[in-house]
Amino acid sequence: ELKVEQNPLFLSMQEGKNYTIYCNYSTTSDRLYWYRQDPGKSLESLFVLLSNGAVKQEGRLMASLDTKARLSTLHITAAVHDLSATYFCAVDGDLIFGKGTKLSVKP
Amino acid sequence: NAGVMQNPRHLVRRRGQEARLRCSPVKGHSHVYWYRQLPEEGLKFMVYLQKENIIDESGMPKERFSAEFPKEGPSILRIQQVVRGDSAAYFCASSPIGGLSDYGYTFGSGTRLTVV
């Protein structure tokens, strides 16, 4: 059974700081997805990572994928309050999700 | 260009009643996925459908839950004889192709089911 683990599950950080969220998965998958969810809202697609070594950046967020290590990272640079949300990674064609990382950015 | 439309947004049912959740995919998308999200949890895959076919229902509870995606009209997730434990947010997603998608998936706004 495919398992997806994210850590940390909760992250409180100050504005301006950098941090990384980790996503490990248990079986081979060539594609990994990152989503953002605001409270009470739907999921917004952030990144689709399609191959080993893929790196994508959008604003203060950068995602990477290492299929050999079965690891993806979501790096946050110089966090701002607007980034406060829950971030999910997901793998496989049916999208198996991690439990999410609830990010809170404080001034 | 409407995204994935789900209705109703909120649904309250008494124990034992039936709940019907609707999902209209993005125009041109023929693949639909249903997920359930409990409070403070990630999304759990339930079922993957193409038009008139169930492709993967490995995440569906064996009893009381069913899903369809007819040739015409929205996809329906049906829960019979609801119990309190069915209270959750149910999300639908669509994609233009199935399986390992290069495009990701477009999610609807969800239906929040409350069983009283």
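Scroll up for the structure.
Let me begin by describing the structure that accompanies this report. Note that the coordinates shown come from a computational prediction; the quantities given were computed from them, not determined experimentally. (Residues numbered from 1 in each chain as written. Chains lettered and ligands numbered in written order. Predicted model: local features only at pLDDT ≥ 70, side-chain atom pairs only at ≥ 80, totals over all residues. Heavy atoms only, no water.)

**Comments concerning the nonpolar core**
Generally speaking, nonpolar side chains in soluble globular proteins are found buried as a group.
Residue and element names in this part refer to chain A.
1) Next: Counting 25 residues, the largest nonpolar core has L32, W34, L74, I76, Y87 and L103 as its most contacted members.
2) Next: Of all the elements in the fold, those that place two or more residues in this core are β2 (10-14), β3 (19-25), β4 (32-37), β5 (43-49), β7 (61-66), β8 (71-76), β9 (85-91) and β11 (101-106).
3) Next: The biggest single contributor to this core is β9, with 4 residues.
4) Next: For L74, the contacting residues outside a window of four places in its chain are Y19, T20, I21, W34, F47, L61, M62, A63 and Y87. (Core = buried A, V, L, I, M, F, W, Y, C linked by side-chain atoms within 4.5 Å. Buried < 20%, exposed > 50% of the residue type's maximum accessible area, 1.4 Å probe, protein only. Helix = DSSP H or I, 4+ residues; strand = E, 2+ residues; numbered from the N terminus. Contact = heavy atoms within 4.5 Å.)

**What about the sheet that holds strand β1 (residues 4-7) of chain A?**
All names here are of chain A.
1) Next: What the 5 strands build is an open sheet, ordered β1-β3-β8-β7-β6; its pairing is antiparallel. Where the open sheet ends on each side, the last strands, each with one partner, are β1 and β6 (55-58). Sheet twist, expressed as the average angle between the axes of neighbouring strands with direction ignored, equals 15 degrees.
2) Next: Bridging between β6 and β7 involves 4 bridges; their strand directions are antiparallel. Bridging from a neighbouring strand, E58 pairs with L61 of β7. (Pairing = 2+ DSSP bridges. Axes fitted to C-alpha atoms, helices over the stretch in contact; angles between N-to-C directions.)

**A look at the interface of chain A and chain B**
One frequent convention defines the size of an interface as the accessible area lost when the parts assemble.
1) Next: In this assembly, 20 residues from chain A lie in contact with 22 residues from chain B.
2) Next: Between chain A and chain B the total buried area reaches about 1700 Å² when both faces are included, carbon and sulfur atoms providing 52% of it.
3) Next: For the interface between chain A and chain B, the tally reads 0 salt bridges.
4) Next: For the pair chain A and chain B, the interface holds 4 residue pairs in polar contact (both at pLDDT 80 or more).
5) Next: Mapped onto the side of chain A that touches chain B, the elements with two or more residues apiece are β4, β5 and β10 (96-97) of chain A.
6) Next: Tallied by class, residues from the side of chain A that touches chain B come to 9 nonpolar, 5 polar and 6 charged. (Buried area = accessible area lost by both parts, 1.4 Å probe. Salt bridge = Lys/Arg side-chain N within 4 Å of Asp/Glu carboxyl O. Polar contact = N/O pair within 3.5 Å; in protein donor to acceptor, adjacent residues only side chain to side chain. Nonpolar A, V, L, I, M, F, W, Y, C, P; charged D, E, K, R; others polar.)

**Some details on the sheet that holds strand β7 (residues 65-68) of chain B**
Residues and elements named next belong to chain B.
1) Next: On the basis of which strands lie adjacent, the open sheet formed by 4 strands has the order β1-β3-β8-β7 and antiparallel pairing. Lying at the two open borders of the sheet, with one neighbouring strand each, are β1 (5-7) and β7. Each neighbouring strand pair of the sheet contributes to a mean axis angle of 15 degrees, computed without reference to strand direction.
2) Next: Pairing geometry for β7 and strand β8 (residues 75-79), over 4 bridges, is antiparallel. Each bridged residue has a counterpart across the sheet, and for S66 the counterpart in β8 is R78.

**Some remarks on the side chain of H29 of chain B**
Residues and elements named next belong to chain B.
1) Next: Mapped onto the elements of the fold, H29 is located in the loop between β3 (19-24) and β4 (31-37).
2) Next: A relative accessible area of 15% means that H29 is categorised as buried.
3) Next: Within the local environment of H29, its side chain forms a polar contact with the side chain of S94, the two groups lying 2.7 Å apart.
4) Next: With residues up to four places along the chain from it excluded, the contact list for H29 reads S94, S95, P96 and T106.

**Description of the state of the cysteines**
Chemically, a disulfide is nothing more than a covalent bond linking the sulfur atoms of two cysteines.
1) Next: Going through the model one piece at a time under the given rule, you end up with 2 disulfides over all chains.
2) Next: A disulfide bridge connects C23 of chain A with C89 of chain A, and the sulfur atoms are separated by 2.0 Å. Because the sign of the S-S torsion sets the handedness, a value of about 85 degrees for the bond joining C23 of chain A and C89 of chain A places this disulfide among the right-handed ones. Of this pair, C23 of chain A sits in strand β3 while C89 of chain A sits in strand β9, and the two are 66 residues apart along the sequence.
3) Next: For C23 of chain A, a relative accessible area of 0% gives the class buried.
4) Next: Each sulfur of the disulfide joining C23 of chain B and C92 of chain B lies 1.8 Å from the other. Between C23 of chain B and C92 of chain B, the disulfide has an S-S torsion of -50 degrees and is therefore left-handed. Linking C23 of chain B in strand β3 with C92 of chain B in strand β9 (residues 88-95), this pair joins segments that are 69 residues apart in sequence.
5) Next: For C23 of chain B, a relative accessible area of 0% translates into the label buried. (Disulfide = S-S within 2.5 Å.)

**Regarding the pattern of salt bridges**
All names here are of chain B.
1) Next: Taken as a whole and judged by the stated rule, the model has 4 salt bridges over all chains.
2) Next: E18 is the salt-bridge partner of R78, the closest N and O atoms lying 2.8 Å from each other. Within this pair, whereas R78 is found in strand β8, its partner E18 is found in the loop between β2 (10-13) and β3, the two being separated by 60 residues in sequence.
3) Next: In this structure, D86 and R64 form a salt bridge, with 2.7 Å as the shortest nitrogen-oxygen distance. Here R64 lies in the loop between β6 (53-56) and β7 and D86 lies in the loop between β8 and β9, a separation of 22 residues in the sequence.
4) Next: Accessibility expressed as a relative area gives 3% for D86, which makes it buried.
5) Next: Three or more residues are tied together by salt bridges with common partners; here these are E18, R20 and R78.

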